[in-house]
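# Structural overview for review
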Amino acid sequence: MAEKRIFSGIQPTGRKHLGNYIGAIRQYVEGQDRGEAIYCIVDLHAITVPQDSAELRERLYDTTAILIAAGLDPDRCILFRQSDIREHTELCWLLGTVTAWGDLNRMHQFKEKAEQQRELVSAGLFFYPVLQAADVLAYRATEVPVGDDQRQHIELMRDIAERFNARYGEQLVVPEGRYPEVGARIMNLQDPETRMSTTYGSEQGTVYILDPADAVRKKIRSAVTDSGTEVRRGPDKAGITNLIEVLSVVRDTPPDGLEREFKGQGYGDFKAAVAEAVVEYLGPVRERYEELRPDEAAIEDTLAAGAEKARAIAAGTLADVRRAIGIGAPG
Ligand code: TRP
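Since this is a predicted model, take the numbers as computed values, not measurements. (Residues numbered from 1 in each chain as written. Predicted model: local features only at pLDDT ≥ 70, side-chain atom pairs only at ≥ 80, totals over all residues. Heavy atoms only, no water.)

### Some thoughts on the domain arrangement of the protein
Our working definition: Residue ranges assigned to the domains are those given by an automatic or database domain assignment. The criterion used for residue contact is that any of the two residues' heavy atoms lie within 4.5 Å. Two parts placed together each lose some accessible area under a 1.4 Å probe, and adding up what both lose gives the buried area. By the criterion applied in these results, polar contacts are pairs of N or O atoms within 3.5 Å in which, for protein atoms, one can donate a hydrogen and the other can accept it, and in which residues neighboring in sequence qualify only through two side-chain atoms. The numbering of helices and of strands both runs from the N terminus, where a helix is a DSSP run of H or I of at least 4 residues and a strand a run of E of at least 2.
For the protein, the domain assignment lists domain 1 (5–178 + 295–325) and domain 2 (213–290). Spacing between the C-alpha centres of domain 1 and domain 2 amounts to 31 Å. Each side of the interface is counted separately: domain 1 has 9 residues, and domain 2 has 8 residues. Approximately 830 Å² of surface area, both sides summed, lies buried where domain 1 meets domain 2, with 77% of it carried by carbon and sulfur atoms. Its largest share of buried area at the contact with domain 2, domain 1 owes to L18, Y21 and A69, together 56% of the area lost on that side. Where domain 1 packs against domain 2, one counts 2 residue pairs in polar contact (both at pLDDT 80 or more). Those elements that place two or more of their residues in the side of domain 1 that touches domain 2 are α1 (18–34) and α3 (53–70). The greatest single-element share of the side of domain 1 that touches domain 2, amounting to 5 residues, is contributed by α3.

### A short note on the pairing of strand β1 (residues 5–10)
Heads up, the condition is: Accessibility here uses a 1.4 Å probe with only protein chains present; expressed as a share of the type maximum, an area under 20% marks a residue as buried, one over 50% as exposed, and anything in between as partly exposed. When DSSP locates at least two bridges between a pair of strands, those strands are taken to pair. Crossover handedness is defined by viewing with both strands directed away from the observer: a clockwise path from the first strand over the helix to the second marks the crossover as right-handed.
Most of β1 is tucked away, with 5 of its 6 residues classed as buried. Strand direction decides the pairing type here: β1 and strand β2 (residues 36–41), joined by 6 bridges, are parallel. Residue I6 lies in a different strand from β2, and its bridge partner there is A37. Viewed along the sheet, the connection from β1 through α1 into β2 turns out right-handed.

### Some words on unusual backbone geometry
Phi is mostly negative for residues that are not glycine, and the peptide bonds are mostly trans. Phi at R140 takes a positive value of approximately 50°, unusual for a residue other than glycine. Residue position: R140 is located in the loop between α7 (123–137) and β4 (143–145). On the accessibility criterion, R140 (21% relative accessible area) is partly exposed. Phi at D252 is positive, roughly 55°, even though this residue is not glycine. As for its placement among the helices and strands, D252 is situated in the loop between α10 (238–251) and α11 (255–261).

### Details of the site of the ligand
Applied cut-off: Near, as used in this document, describes a residue that has one of its heavy atoms within 4 Å of the molecule or strand being considered. All accessible areas in this document rest on Shrake-Rupley with a 1.4 Å probe, and a residue is counted as covered only by the protein chains that are shown. Put plainly, a pocket is an open set of points on a 1 Å grid over the protein atoms alone with protein on both sides within 12 Å along at least five of seven lines, a cavity is a set where a 1.4 Å probe fits but cannot get out, and a lining residue has an atom within 4 Å of a point. Whether a molecule sits in a cavity or pocket is decided by its atoms, more than half of which must lie within 2 Å of the grid points.
Around the ligand, a shell composed of F7, S8, G9, V42, H45, Y128, Q132, D135, V136, V144, V146 and Q150 is seen. For the ligand, a nitrogen atom lies 2.9 Å from a polar atom in the side chain of Q132. The protein chains hide 90% of the 360 Å² of surface that the ligand would expose on its own. Taking a 2 Å distance to the grid points as the criterion, the majority of the atoms of the ligand fall inside the largest pocket. Sorting the residues of the shell around the ligand by element identifies β1 and α7 as the ones contributing at least two each. With 4 residues, α7 is the largest single contributor of residues to the shell around the ligand.

### Topic: the packing of α7 against helix α8 (residues 151–168)
Filter applied, for reference: Axes here mean lines fitted to C-alpha atoms, for a helix over just the part in contact, with angles spanning 0 to 180 degrees between N-to-C directions. For classification purposes, an angle smaller than 35 degrees is called roughly parallel, one larger than 145 roughly antiparallel, one from 65 to 115 roughly perpendicular, and anything else oblique. The handedness criterion is simple: a crossing whose near helix is rotated anticlockwise from the far helix by less than a right angle is left-handed, and one whose near helix is rotated clockwise is right-handed. Nonpolar residues are Ala, Val, Leu, Ile, Met, Phe, Trp, Tyr, Cys and Pro. Charged residues are Asp, Glu, Lys and Arg, and all others, Gly as well, are polar.
At a minimum axis separation of 9 Å, α7 and α8 run at an interaxial angle of 65°. In terms of orientation, α7 and α8 fall into the roughly perpendicular class. Here α7 runs over α8; the crossing is right-handed. Of the residues in α8, those touching α7 at Y128, P129, Q132, A133, V136 and L137 are H153, L156, M157, I160 and A161. Across the contact of α7 with α8, the residue classes tally to 9 nonpolar, 2 polar and no charged.

### Comments concerning the packing of aromatic side chains
Our working definition: When the centres of two rings from Phe, Tyr and Trp lie within 6.5 Å, Trp using its six-membered ring, the rings pair. Their planes under 30 degrees apart give stacked, over 60 give edge-to-face, and anything left gives tilted. We count a charge as sitting over a ring when the NZ of a lysine or the CZ of an arginine lies within 6 Å of the ring centre and within 35 degrees of the ring normal.
By the definition in use, this model includes 9 aromatic pairs. Measuring from ring centre to ring centre gives 5.2 Å for F7 and Y139, while their planes differ by 20°; the resulting arrangement is stacked. Here F7, found in strand β1, pairs with Y139, found in the loop between α7 and β4; they are 132 residues apart in sequence, far enough to count as distant. F7 gets classed as buried once you look at its relative accessible area, which sits at 1%. Overall, the relative accessible area of 0% leaves Y139 in the buried class. In this arrangement the basic side chain of R15 is found over the ring face of Y208, its NZ or CZ atom lying 3.9 Å from the centre. We note R151 situated over the ring of Y179; from NZ or CZ to the ring centre the distance is 3.9 Å.

What follows is the structure, given as structure tokens:
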């Protein structure tokens, strides 16, 4: 294939935080320079757990505005809403017929999310990885930039594509996951043994993209560290290691360079430097977000334009897939 086709999906739920930014959003922006980039806001995945309808729409606009504020340019990528493209749900069903039930039953994310549900563990939650496979395979994407937590879902979608091709001929592209080298796992600042996340971990330990500068400073300066004094990475230094990784990404400097730079300095100075760097990094994103977010009609226009481009690609794949399987009228 001449050019890379990059595809990723992001949930329109939760407040987006530094972990999402570094682990995923940053790679989306960079993907626009490396190939044809397609990004999908996955509202159909969101509803695998209960959502308030009005809230879901609000969060979808928030997420779209954050992505554009972060640097996604709707003229240079395809940015669209999953539920606008019916081909995703159709392909999800078709792929379900070549997915091993036992594989779905082994998904860590399903087990984790199932445990958190009080009322209902939906079959949709169980099928979530198949819809995710459909998202990517409908576009015959070659590369999927995601955070480290998505490895198992990516391996599954590769298996699904391979099984489909083995059964029906080479119809689908088997995509590669792309994981950030540094910063794939940004940890909670108050509990550096667990990932930064909206669902687990303390609020104080989570830096949100839209946090005001003072809140960012406060959270980083009060990050939990160890009882030592050296600014270096190490298995017994989860807090400092995490902050080094954060700084490495936001300053675009390798971690060992930072270890040399901060040698002999105390944790206080180091944290202050990280705080300022993160404030500078996120500030412009928050400002652009504030400008974009109020104009929901403009956001809808952007999504509609993206959907049109997305549909043209997905419809072609579905026509091929239907023909290969032998369903629908021949033609
Ligand atoms: N499951 C992904 C997450 O939670 C979101 C997602 C849905 C996705 N569809 C996708 C990611 C397709 C990559 C490709 O982050």
